[in-house]
Amino acid sequence: MPSDAAPTSPTPERTRFGRLIGASLGPGDPGLITRAAWQALTMGACWAWPLSGASATYQPSHALGIAQRAGLEPPANSLALHFPMTRDPATLAAAWAQAATEVVKRLRGGRDLVFLVEGDGSTHSTFGHLARAVRALEPRIPIETIAGVPSFTAAAAASGIALAEGEESIAICAAPRALRDLDAWLARAETLVLLKVRPVLDALIEALATRKLLASAVFVDRVGTPNERIVTDLTRLRGERVAYLSLVLIRPVIPSQPREERPWISQAETLIATLTEPGARLAASLGQRLSAEDGAPVRLLLPERLRPVATAALAPPVTGKAKRIELTTHGDGLAAALPAWFTGAAPEDHPRQLIFIGAAGLIIRLLAPHLRDKRCDPAVVVIDEASRFVIPLLGGHLGGANALARQLAERLHAQLVLTTASDVQGTIAVDLLGRELGWQIEASAAALRRAASCVVDGRPVLLIEEACGREWWTGVDAARGAPPANIHCLPSFEAAAAQGLDTACAVLWVTHRRIDADLQRRLGERLVLYRPPRDTDAPPVAEQAMAVTLGVGCDRGAALETVAHCVDAALAQLDAPQVQMLASVTQKQDEPAIQALAAARGWPLHFYPPAELAKIPVANPSETVRRVLGTPAVAEAAALRAAGAELKDLLIEKQTHRGADGKHATVAVARARNAASGSP
């Protein structure tokens, strides 16, 4: 690597503050570190890098790993900054503010700070958030970004794919967002780059298979690293938990083919039907707008007598995407034409959306014989001929009719008429909760019906945010972070159990835990489980480590940092442990560090009398501790007591840490026998 260029000397006007430099290091291969980034790394400035995950199980920094594979090590007094993997705005804002405070503190001394960025600092990068937070805290700090090689260009090179030629275009999107309207994204560009594919990979594979696009897609993960993988047969990945750093490139095998004729553009995605002349004119106008603005394939279904009206309304045709508007007429009545759209064609040829322009009662009677279940009903929206009202009739939530109706009402400047209870009340829809975040629901149809009823009836509902932040709440008070009053949000199952599960009409639990059979039987149809995708490379739920309890002790007045370091060092020896409780002896219940640690981590805290702890066999009893506290052990005994366990369940025996303040902390870890069971 080149290192002969001398770093630029500080200019007089910035002598008070050092520079914050975002050094983009590329996706993983040290050979892709640019000369400018190399110079920044080797000019003697402090480094900072991001860490993710819970504080007890930080994931290794990918950006730092790139620099270390290049043979570089961080200078003394460098800085690791914690950025939690969550979408909760409040949690993220707090993390960025804390990181910005630490960065500004370093820069006040006049020394530059180089923040290590994987990929390119301008694309889905933590550095952008950090830079804004630093600028808000201290506007005088100079901030620079060194460009780097983004993951998708490296993936294209590794796969032998040309992303664009001539005047072709490229679309880049996060996969969860693209899947909401994949056809529109495919229609926008010759090449589609999908990032962050892990949470929705199986759904993406099915969507590509439906559109006969699998042969045009390439999956790449950990590009540029020793574990780089390129997969051209995406069907091999079904059900696999792929790496977080993964993407999919979709490139047509015949790029010169006109976009309107490509086989992946599924026809009749949106069906607009009507029976009257005013309706035909509105259908043609609306179809053109949908096609031109969204790239949505549209089919008009009209009586044969209205063909001249629709043809005239479509002329002159809008160029480009609107060429895919198809006109189908019928002579035997709409009742004879509609069944084919719902029962006669292959699933991939069904219209996802039906917009009927006319009387609501008429279309209800025509559709009634063909409706089976809300889980498979299409989105059906009715618009009056004067385009004053837009009413979703079927598939409001699962079919997407409510969302479609909102879009149509906005386009037509019409009145949206919603009748679904959760939308009217501005509360959550339990069958949609977390869908856009990639959550999977585990619940029976009866449990979902019960939970929905509890929500809209205003009865008490517990929502346990164990594996999420507040990103799920997008309702009327989302800006203030305030869900409806009857939905009580708690950070863990233990907190919910302490408050009282029996009083809840429904329990909505967002978690990665395995739930034991006894608890499931106890909660019955009151329980709805939501399984978010994991944002780190932790093992799947089935392979997760067991739940644990912590026993702690410390010298009087020990610092929070001392106790936290002791606890984190012990937990780091386990595979992603789930802490169920923090425990100690009653003499420590007024110890600020123990109280603060439990509060900061959201762990339940319990103190046991020394006489109770003295009865528990431990691995390392101490007569000195017995004389002072009345029990031969605190950490080990408290951990085992909280776990309801025996000595054989002690995973980590007593460990001691001496802090910078000269005071000591001790910790022990036990396997919790009553994990997620609600037992005390």
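The structure this text deals with has already been given above.
Treat the numbers as computed from the prediction; the structure is a model and nothing was measured.

**Q** Tell me what's going on with the nonpolar core, and back it up with residues and numbers.
**A** Ranked by size, the top nonpolar core spans 28 residues in total, and within it Ile-272, Leu-286, Leu-300, Ile-355, Ile-383, Val-390 and Leu-408 carry the most contacts. Residue contacts for Ile-383: discarding those within four places in its chain leaves Leu-282, Leu-286, Ile-355, Phe-356, Ile-357, Gly-358, Phe-389, Val-390, Leu-408 and Leu-412. Judged by nonpolar contacts, the second largest core, of 27 residues, contains Ala-175, Trp-185, Val-197 and Val-231.

**Q** Give a description of helix 2 (residues 62-69) that names residues and reports values.
**A** The element helix 2 is largely enclosed, with a buried count of six among its eight residues. Along helix 2, the residues that are buried comprise His-62, Ala-63, Leu-64, Gly-65, Ile-66 and Ala-67. Residues of helix 2 that are buried sit in contact with strand 2 (46-51) and strand 4 (113-117). Just beyond helix 2, the residue with positive phi is Gly-71, at close to 90°.

**Q** So what's going on with the sheet that holds strand 14 (residues 353-357)? Residues and values would help.
**A** Backbone-to-backbone hydrogen bonds pair the strands of a sheet. The strands run either parallel or antiparallel. A sheet is described by the order of its strands in space; here seven strands give the open sequence 13-12-11-14-15-16-17, paired in mixed fashion. Strands at the two margins of the open sheet, each flanked by one partner only, are strand 13 (326-330) and strand 17 (415-416). Sheet topology note: the strand 15 (residues 379-383)/strand 16 (residues 389-394) ladder contains four bridges and is antiparallel. Opposite Val-382, over in strand 16, you have Ile-391 as the bridge partner. The strands touched by helix 10 (residues 307-314) within the sheet are strand 12 (298-303) and strand 13, with strand 13 carrying the most contacts at an inclination of about 170°.

**Q** With reference to specific residues and values, describe the pairing of strand 21 (residues 506-510).
**A** Counted residue by residue, strand 21 has five buried out of five residues, so it is predominantly covered. Both faces of strand 21 are covered, namely the face carrying Ala-506, Leu-508 and Val-510 and the face carrying Val-507 and Trp-509. The pairing of strand 21 with strand 22 (residues 527-531) spans four bridges and is classified as parallel. Paired with Val-510 across the bridge in strand 22 is Tyr-530. Following the backbone out of strand 21, through helix 18 (residues 517-523) and into the adjacent parallel strand 22, one traces a crossover that is right-handed.

**Q** Break down the sheet that holds strand 24 (residues 578-585) for me, citing the residues and quoting the values.
**A** One open sheet holds the five strands; their spatial order is 25-24-23-27-26, and the pairing between them is mixed. Since the sheet does not close on itself, it has two edges, and those belong to strand 25 (605-608) and strand 26 (650-658), each with one partner. Averaged over all adjacent pairs, the angle separating strand axes in this sheet is 25°, with direction ignored. Where strand 24 lies against strand 25, four bridges are found, and the strand directions are parallel. Bridged to Val-585 within strand 25 is Tyr-608.

**Q** Quick rundown of helix 23 (residues 635-643)? Include the residues and the values.
**A** For helix 23, a buried count of eight out of nine residues is recorded, marking the element as mostly surrounded by other parts of the structure. Buried within helix 23 are the following residues: Ala-635, Glu-636, Ala-637, Ala-638, Ala-639, Leu-640, Ala-642 and Ala-643. Those residues of helix 23 hidden inside the fold are in contact with strand 23 (547-554), strand 24, strand 25, helix 21 (610-614), strand 26 and strand 27 (664-671). Residue Gly-644 follows helix 23 closely and has a positive phi angle near 65°.

**Q** Describe the pattern of salt bridges, and please don't skip the residues or the numbers.
**A** A complete count under the given rule lists 18 salt bridges for this structure. Among the salt bridges present, the one from Glu-138 reaches Arg-140, with a minimum N-O distance of 2.9 Å. With a relative accessible area of 7%, Glu-138 lands in the buried category. Residue classification places Arg-140 among the partly exposed residues on the basis of a relative accessible area of 49%. Between Asp-568 and Arg-601 there is a salt bridge, with the nearest N and O atoms lying 3.0 Å from each other. Here the residue Asp-568 occupies a position in helix 19 (residues 560-571), and Arg-601 occupies one in helix 20 (residues 592-601), the gap between them amounting to 33 residues. Looking at Asp-568, the relative accessible area reads 18%, which means it is buried. Here the residues in one salt-bridge network are Asp-221, Arg-222, Arg-229 and Glu-240, joined through shared partners.

Criteria and thresholds
- Residues numbered from 1 in each chain as written.
- Predicted model: local features only at pLDDT ≥ 70, side-chain atom pairs only at ≥ 80, totals over all residues.
- Heavy atoms only, no water.
- Core = buried A, V, L, I, M, F, W, Y, C linked by side-chain atoms within 4.5 Å.
- Buried < 20%, exposed > 50% of the residue type's maximum accessible area, 1.4 Å probe, protein only.
- Contact = heavy atoms within 4.5 Å.
- Helix = DSSP H or I, 4+ residues; strand = E, 2+ residues; numbered from the N terminus.
- Pairing = 2+ DSSP bridges.
- Axes fitted to C-alpha atoms, helices over the stretch in contact; angles between N-to-C directions.
- Right-handed = clockwise from strand over helix to strand, strands pointing away.
- Salt bridge = Lys/Arg side-chain N within 4 Å of Asp/Glu carboxyl O.

Interpretation note: all reported values are geometric properties and have no functional meaning in isolation.
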